[in-house]
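Summary of structural features
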Amino acid sequence: MAVAGIAAVLSLTSLLPTAAFPCGAPHLQHPDNATASKLLGMWLYVAGAAQFPRHLLEMLLIDHGHLHVEPHAGEQELLITQRVAVGDQCLTNNSTYFEINASNTTLVKHAKTQQTVGMLMNLSSEDVLLIQYQLQMERTYLGLYLYARNLSVSTAHWEEFERHAKCLGLSKEEIVYAPWKTLNRSQLAAIRHP
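Think of each chain on its own: its residues are numbered from 1, step by step along the sequence as written. Selection of residues for local features in this predicted model requires a pLDDT of at least 70, selection of side-chain atom pairs for listing and counting requires 80 or more, and totals for whole chains, interfaces and linings are taken over all residues. Excluding hydrogens and water, the side-chain figures rest on all heavy atoms present in the structure.

As for the overall build of the chain
- Strands here are runs of E lasting at least two residues and helices are runs of H or I lasting at least four, both read from the DSSP assignment and numbered beginning at the N terminus. The helix and strand tally for the chain stands at 5 helices and 9 strands.
- Along the chain, helices and strands appear, N-terminal first, in the series α-α-β-α-β-β-β-β-β-β-β-α-β-α.
- Only protein chains enter the accessibility calculation, which uses a 1.4 Å probe; a residue whose area is less than 20% of its type maximum is buried, one above 50% is exposed, and one in between is partly exposed. A buried classification covers 51% of the 194 residues belonging to the chain.
- Accessible areas in this description were obtained via Shrake-Rupley with a 1.4 Å probe; residue shielding takes into account the shown protein chains only. As displayed, the chain offers around 9500 Å² of accessible surface, 54% of which is attributable to carbon and sulfur atoms.

What follows is the structure, encoded as structure tokens:
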């Protein structure tokens, strides 16, 4: 049952729009003419942070994962295909997409409902993605996902991710780092070319 829920963690399918920002105005990714092309391709899952206990547990079970972003319905929509591995199972989900809109934000939307489920936050590098989400249940739960083009995430980017998490009220105990250091070259190649 936990394995089936893993896809839900990264799919962002049950999330609602972010309405309030604990640290004041958010640092949203402001798109320009090159935003779509910068987002295309593979992004490796390197860390996540979640207040929702089930999401936190599911992140602990992920062995490795990635996003693949490709064009969809023009330049303003980019399909997100998410793949995660848990033990010997590989789960795939393509129910979300990036929408690059005229209000200078890049949103993550659910493909069927067109509901906003997260936002792309601005980081200091084009080699990392930070996605903030909000889950509304009996209360509001916040979370973040960090993705990178390669496994060489700098200390500065880790610190930036941790600052964003702290700003959202997420503790260090609510941050889960992907176990990349346990993978060998052939496993990494399988992730990049499923």
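Read on, since the account is not over.
With respect to the packing of aromatic side chains
- Under the pairing criterion, centres of Phe, Tyr and Trp rings, with the six-membered ring standing for Trp, must be within 6.5 Å; the plane angle then separates stacked pairs below 30 degrees from edge-to-face pairs above 60, leaving the rest tilted. In the structure shown here, the tally under the stated rule is 6 aromatic pairs.
- For the ring pair Tyr 145 and Tyr 147, a centre distance of 6.4 Å and an interplane angle of 50° mean the geometry is tilted.
- Taking relative accessible area as the criterion, Tyr 145 reaches 0% and is therefore assigned buried.
- Relative to Tyr 177, the ring of Trp 158 has its centre 5.1 Å away and its plane inclined at 70°; by these criteria the two rings are edge-to-face.

Observations regarding the side chain of Thr 96
- Along the polypeptide, Thr 96 turns up in strand S4 (residues 89-100).
- You can call Thr 96 buried: its relative accessible area is 0%.
- At 3.2 Å, the side chain of Thr 96 forms a polar contact with the side chain of Gln 82. Contacts described as polar in this section are N or O atom pairs within 3.5 Å, which, within protein, must combine one atom able to donate a hydrogen with one able to accept it, while residues neighboring in sequence count only if both atoms come from side chains.

Let's talk about the pairing of S4
- Strands pair, by our definition, only if DSSP identifies at least two bridges between them. Summarising the sheet, strand S3 (residues 77-86) and S4 pair through 9 bridges and their orientation is antiparallel. By the bridge assignment, Val 84 is partnered in S4 with Leu 91.
- What sits between S3 and S4 in their antiparallel hairpin is a turn of 2 residues, with Gly 87 showing a positive phi close to 60°.
- With 5 bridges joining them, S4 and strand S5 (residues 106-110) adopt antiparallel strand pairing. Its bridge partner lying in S5, Glu 99 is registered against Leu 107.

Overview of the pattern of salt bridges
- Salt bridges are counted wherever a side-chain nitrogen of Lys or Arg sits within 4 Å of a carboxyl oxygen of Asp or Glu. In this structure the tally under the stated criterion is 3 salt bridges.
- Measuring nitrogen to oxygen at the nearest pair gives 2.8 Å for the salt bridge that ties Glu 58 to Arg 54. Here Glu 58 pairs with Arg 54, and both are found in helix H3 (residues 53-61), just 4 residues apart, close to one helical turn.
- Judged by its relative accessible area of 44%, Arg 54 falls in the partly exposed class.
- Between Lys 172 and Glu 162 there is a salt bridge, and its shortest N-O distance comes to 3.9 Å. In this pair, Lys 172 is assigned in the loop between helix H4 (155-167) and strand S9 (175-177) and Glu 162 in helix H4, connecting sequence segments 10 residues apart.
- Looking at Glu 162, the relative accessible area reads 23%, which means it is partly exposed.

Concerning the confidence of the model for the chain
- Residues at a pLDDT of 70 or more form 69% of the chain, whose mean pLDDT is 74.
- Mean pLDDT across the elements of the chain bottoms out in helix H1 (residues 2-11) (38) and peaks in strand S1 (residues 41-50) (92). Confidence scores per residue from the predictor, reported as pLDDT, run from 0 to 100.

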